[in-house]
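Fold and geometry: a report
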Amino acid sequence: MNSDVAYETEKESLYKLIDFLQRENQQLKDLLEQAGIDYSFCVEENAGVVSGSDQGKRILPFAITENAARHFFARFWGREDVYAKRSVNKKSGKAGYFPQCENFWRYGVCPKANRVKIQCGKCENQSYSKLGITQIMEHLKGEKEDASDVIGVYPLLPDDTCRFIVFDFDNHQKGAEENDFANIDNEWKVEVDAVRTICREQGIDALVERSRSGKGAHLWIFFTEKISATLARKFGFALLDKGAETVNMKSFRYYDRMLPAQNHVPEGGIRNLIALPLQGHALKEGNSAFIDENWNAYPDQWKALMQTKRFSKEKLERCIKNWLPENPFEYGVENEETRLKPWERQQKFHQEDITGSMKIVLSNLVYVDTNNLKYRLQNQVRRLAAFLNPVYFKNQRIGYSYYYESRTIWAG
């Protein structure tokens, strides 16, 4: 056996050992949680061990070829007739993502060059640039220090289909794009762990990526084929609804952060974008990288991506049939007239979800003591107090921006 083969064999053995230890660790955590034993103090005392340091150094280099770029895009397959790139204002230093147009800022052609505000989709001189292998390879190499080679794709295809869904846990408050959508607290980590747990419990192979800011994440679920956005989003909502039976979902932001965010592409529209992972420059810091349950970057990023299973249309339909309750709260419905009324929602409670009695206090607000309530009942109570945001649907109907509006209003 030559040295190269021996090295690969040893590396493969180490990967298997790491995978085994991670699974064993998660099983032990599950047993502790089931027994009601708090282990958070152990994590805090060994935070450096759990999270790891020098995340960028953990990542093994990989060859970036045209073939690799094609395999990469086969997973993150968005629109090819238009794409976005990251851009930084040289004066202010603020960053943002913009669709690429052959006529962008051309004087006499682009209205924006004359300070005329107009949506690119409604511009008569709009000529979107096509996404090709060259741009994807530049993204993966990440050779530009200002990260202006970062690519953003539009998941919702022109025929109202998609190749993946992604839960976005970046900060999308107004102005957050100036700091690469970095979150200002750690609540997003709790939400990522919750959705990751839901996927694991339901047998859904999902891949978590730490965002390029290092303070956010994306959770990806891939499909084997093009699937209607309506079906894909219904699958995503059904997954969260099912997960709410066993995982404590303290807010409804989970439902607002799924892309594609719509079922339909209007004429001339491109809808929401998502930045691609594995961007070369960010990877040096361990960001834009796929991470494990302990928030450590996988050493072999390519292997982590290629071993993540893709799901067929048949499996999605089977999951929806098994998960969807009789009267689900239709978070995904974009027509206000067809959404469920509060009294039409599923209100069947289970006696086993409560120990003793449930204490409710009516004061300036309605307060519910959750100490005796299991997660399923806690989430059901939250759902009773949640409703769809009329401003979101009004802006959507009349063509105004609803990017900063939450689809759902819920009690804290």
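Read on for a plain summary of the structure.

Parameters at a glance
Residues numbered from 1 in each chain as written. Predicted model: local features only at pLDDT ≥ 70, side-chain atom pairs only at ≥ 80, totals over all residues. Heavy atoms only, no water. Buried < 20%, exposed > 50% of the residue type's maximum accessible area, 1.4 Å probe, protein only. Helix = DSSP H or I, 4+ residues; strand = E, 2+ residues; numbered from the N terminus. Pairing = 2+ DSSP bridges. 1 Å grid on protein atoms, 1.4 Å probe; cavity = no way out; pocket = protein on both sides within 12 Å on 5 of 7 lines; lining within 4 Å. Points joined across faces, edges and corners; volume = space filled by probe spheres on them. Nonpolar A, V, L, I, M, F, W, Y, C, P; charged D, E, K, R; others polar. Axes fitted to C-alpha atoms, helices over the stretch in contact; angles between N-to-C directions. Parallel < 35°, antiparallel > 145°, perpendicular 65-115°, else oblique. Left-handed = near helix turned anticlockwise from the far one by under 90°. Contact = heavy atoms within 4.5 Å.

1. A look at the pairing of strand β5 (residues 207-210)
The alternating pattern of β5 places L207 and E209 and V208 and R210 on opposite faces, both of which are buried. Where β5 lies against strand β6 (residues 217-228), four bridges are found, and the strand directions are antiparallel. Bridge pairing in β6 links V208 to L219. The loop that links β5 with its antiparallel partner β6 comprises six residues; one of these, G214, has a positive phi angle of about 85 degrees.

2. Structural notes on the pairing of strand β4 (residues 161-168)
Burial analysis of β4 places eight of its eight residues in the buried class, the great majority of the element. Judged from the seven bridges that link them, β4 and β6 form a sheet pairing that is antiparallel. Across the sheet, the residue bridging to F164 is F222, located in β6. Sheet analysis places β4 next to strand β7 (residues 258-259), joined by two bridges and oriented antiparallel. Within β7, the residue paired with V166 across the bridge is L259.

3. A closer look at empty space enclosed by the protein
Counted according to the given criterion, the structure contains three cavities of 30 Å³ or more. Here the largest cavity defines a volume of roughly 90 Å³. Lining the largest cavity, in full, are C101, N103, F104, C110, P111, K112, I118, C120, C123, N125 and Q126. Taken together, the residues that form the lining of the largest cavity break down as seven nonpolar, three polar and one charged.

4. Considerations on the packing of helix α8 (residues 229-243) against helix α12 (residues 313-323)
Remark: α8 packs on α12, axes separated minimally by 9 Å, with the N-to-C direction vectors making an angle of 40 degrees. Considered as vectors, α8 and α12 are oriented oblique to each other. In the packing of α8 onto α12, the handedness of the crossing is left-handed. Every residue of α12 that contacts α8 at L231, A232, K234, F235, A238, L239 and K242 is listed here: K313, L316, E317, C319, I320 and W323. Across the contact of α8 with α12, the residue classes break down as nine nonpolar, no polar and four charged.

5. Examining the sheet that holds strand β2 (residues 95-99)
Across the sheet, which stays open at both edges, the four strands sit in the order β2-β1-β3-β8 with antiparallel pairing between neighbours. The open sheet has two free edges, formed respectively by β2 and β8 (274-275), since each of these has just one partner strand. Pairing between strand β1 (residues 84-88) and β2: five bridges, direction antiparallel. By the bridge assignment for β2, R86 is matched with Y97.

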